[in-house]
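Listed below, chain by chain, are the residues.
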Amino acid sequence: MIKRESWATRLGFILAAVGSAVGLGNVWRFPFQVGQEGGAAFLLIYLFFVFLIGFPAMLVEFVIGRGSKRNPIGAFKKIGYEKWKFAGAIGVFTGFVIMAFYSVVGGWVFRYAGASITGAYFAEPAVYFSSISTGYGALLFHAVFMLFVGGIVYFGVRRGIELAVKFMVPSIVALLALLGIYASTLPGAFEGYAWYLSPDFSVLAQNWTSILPAAAGQAFFTLSLGMGALITYSSYMNKDDNLAVDGASIVGADTFIAVLVGFVVFPIIFTMGAVPGEGGPGELFVGLGGAIAELPFGANAFGLLFFLAVFIAAVSSSISILETIVSWLIDNFEIDRKVASVGISSLIFLAGIPVALDMNWLTIFDDLAALILLPLGMFFLVLFVGWFYKEATEELSKGMEGSRIVKIWLWHVRIPILIIIGMVLVINFNSYIAEYTGIDFIEYVLSIF
Ligand code: PHE
């Protein structure tokens, strides 16, 4: 039996989980989701999902992880509910889907760090982006990204992951804050803030079937929920600290960074006269890249630092996904960590090839993960912990004995959360079916009234 690893300190765990949460989801995905879904109204629904659904759902994963000290598939057997291991299996599969496109975007980021030194994207940001985002170059940098991620997981929990994440959170906050100050001096700043912060509820009333699931998907994605990454990380806890406090710090840090990114990106977009959301997956690169190029001085150094920080954030998120898959191979099959890291990284590289060669696949993989797989995985985890896992409240109580939060949490998980995630799934499956068959059940039912 291979001896199982653990975090060296509580802070190590929290930082690793923050490292998992803060990533391309905050810096790259969040701004174009806000843009596409109509701004402040989306932001509000997103915050609702983060705090009222995401935070308690995070505790669901922690309870399974710390309670079992196993990977998301092995966990269920260890705590005596083997029938439920399919829920963990959905998670491990989701990990592959996410990594396949995440790594391609991570490769773009790495390339932008280098291109900041030479100024390659300064003259024509949009042209540069389209020239590097697909094709063999993108494939090469996808490989480079997987090499970094695989390399860290190869070295294990303490020497690899815990060490790597310690530098990331402070550096990304500092750089974003600087960019935020710069953005506030731009002529479009006020327009950007106004668009970002004043909700237009008529948009919400009209587009709720797209805003609601998009906000839920973004909340799960950015908090690393629904695929067992946080089951895995909490399984390496060896002391019974207060999970609610840990969870609140992680959710708080992640949300702070996402909201901050909005304060950077939207002033820039309005200053350039662009329309938020229209840039899609290229928005960050074209928009922010263009703004960096126009900095009065130090554009090269600033670009380099910024994209490096985003790169580190992307790597530290990817580690948690790869680690989830790797820990399953180690726990359940006693495969050597080194062999597992190299093998799975190579498989992910293969899965990402279509994405690197054709950007349509990026959207397909991304939608599949955020709109279907993450909510689906979360639905079963919530169902399990709320109604079947008898020891759940006992596990959450450790480190917060006698707290009323535990009871409230249980009932919140049992009914409201389950219903809301269920609704999100129904809407999303309906949209999928509608897209491929043209039959929209929800619209049909609503039209009766
Ligand atoms: N939370 C990460 C991000 O925002 C992505 C992620 C999703 C990581 C799911 C782990 C699990 O970039």
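Residues numbered from 1 in each chain as written. Predicted model: local features only at pLDDT ≥ 70, side-chain atom pairs only at ≥ 80, totals over all residues. Heavy atoms only, no water.

Tell me what's going on with the site of the ligand, and back it up with residues and numbers.
Close to the ligand lie 16 residues, the nearest being Ala 21, Gly 25, Tyr 102, Phe 221 and Ser 224. Take Ala 21: an N or O atom from its main chain is 2.9 Å from an oxygen atom of the ligand. Measuring from an oxygen atom of the ligand, one finds a side-chain N or O atom of Tyr 102 at 2.4 Å. Its free accessible area being 330 Å², the ligand has 100% of it covered by the protein chains. Per-class residue counts for the shell around the ligand are eight nonpolar, eight polar and no charged. (Near = heavy atom within 4 Å. Polar contact = N/O pair within 3.5 Å; in protein donor to acceptor, adjacent residues only side chain to side chain. Areas by Shrake-Rupley, 256 points an atom, 1.4 Å probe, with all protein chains shown as cover. Nonpolar A, V, L, I, M, F, W, Y, C, P; charged D, E, K, R; others polar.)

Please provide a residue-by-residue account of unusual backbone geometry, values included.
In most cases, non-glycine residues show a negative phi, while peptide bonds are predominantly trans. Of note in this structure, Lys 69 is not a glycine but carries a positive phi near 50°. Within the element layout of this structure, Lys 69 appears in the loop between helix 3 (40-68) and helix 4 (74-78). On the basis of relative accessibility, which here comes to 30%, the residue Lys 69 falls in the partly exposed class. At Glu 334, a position not held by glycine, the phi torsion is positive, near 55°. Within the element layout of this structure, Glu 334 appears in the loop between helix 15 (299-333) and helix 16 (337-357). For Glu 334, a relative accessible area of 40% puts it in the partly exposed group. (Helix = DSSP H or I, 4+ residues; strand = E, 2+ residues; numbered from the N terminus. Buried < 20%, exposed > 50% of the residue type's maximum accessible area, 1.4 Å probe, protein only.)

Provide a residue-level description of the environment of Phe 379, including the pertinent values.
Looking at the secondary structure, you find Phe 379 in helix 17 (residues 360-388). As for Phe 379 and Val 424, which are separated by 45 residues in sequence, their C-alpha atoms are 9.9 Å apart. In contact with Phe 379, not counting residues within four places along its chain, are Leu 418, Ile 421, Gly 422 and Leu 425. (Contact = heavy atoms within 4.5 Å.)

Would you mind going over a nonpolar patch on the surface in detail, with residue names and values included?
Where nonpolar side chains cluster on the molecular surface, the patch consists of Trp 208, Tyr 444, Val 445, Leu 446, Ile 448 and Phe 449 and spans about 720 Å² of accessible area. Structurally, Phe 449 is set in the segment after helix 20 (441-448). (Patch = residues over 30% accessible without salt bridge, like charges linked within 9 Å, V, L, I, M, F, W, Y side chains within 5 Å. Salt bridge = Lys/Arg side-chain N within 4 Å of Asp/Glu carboxyl O.)

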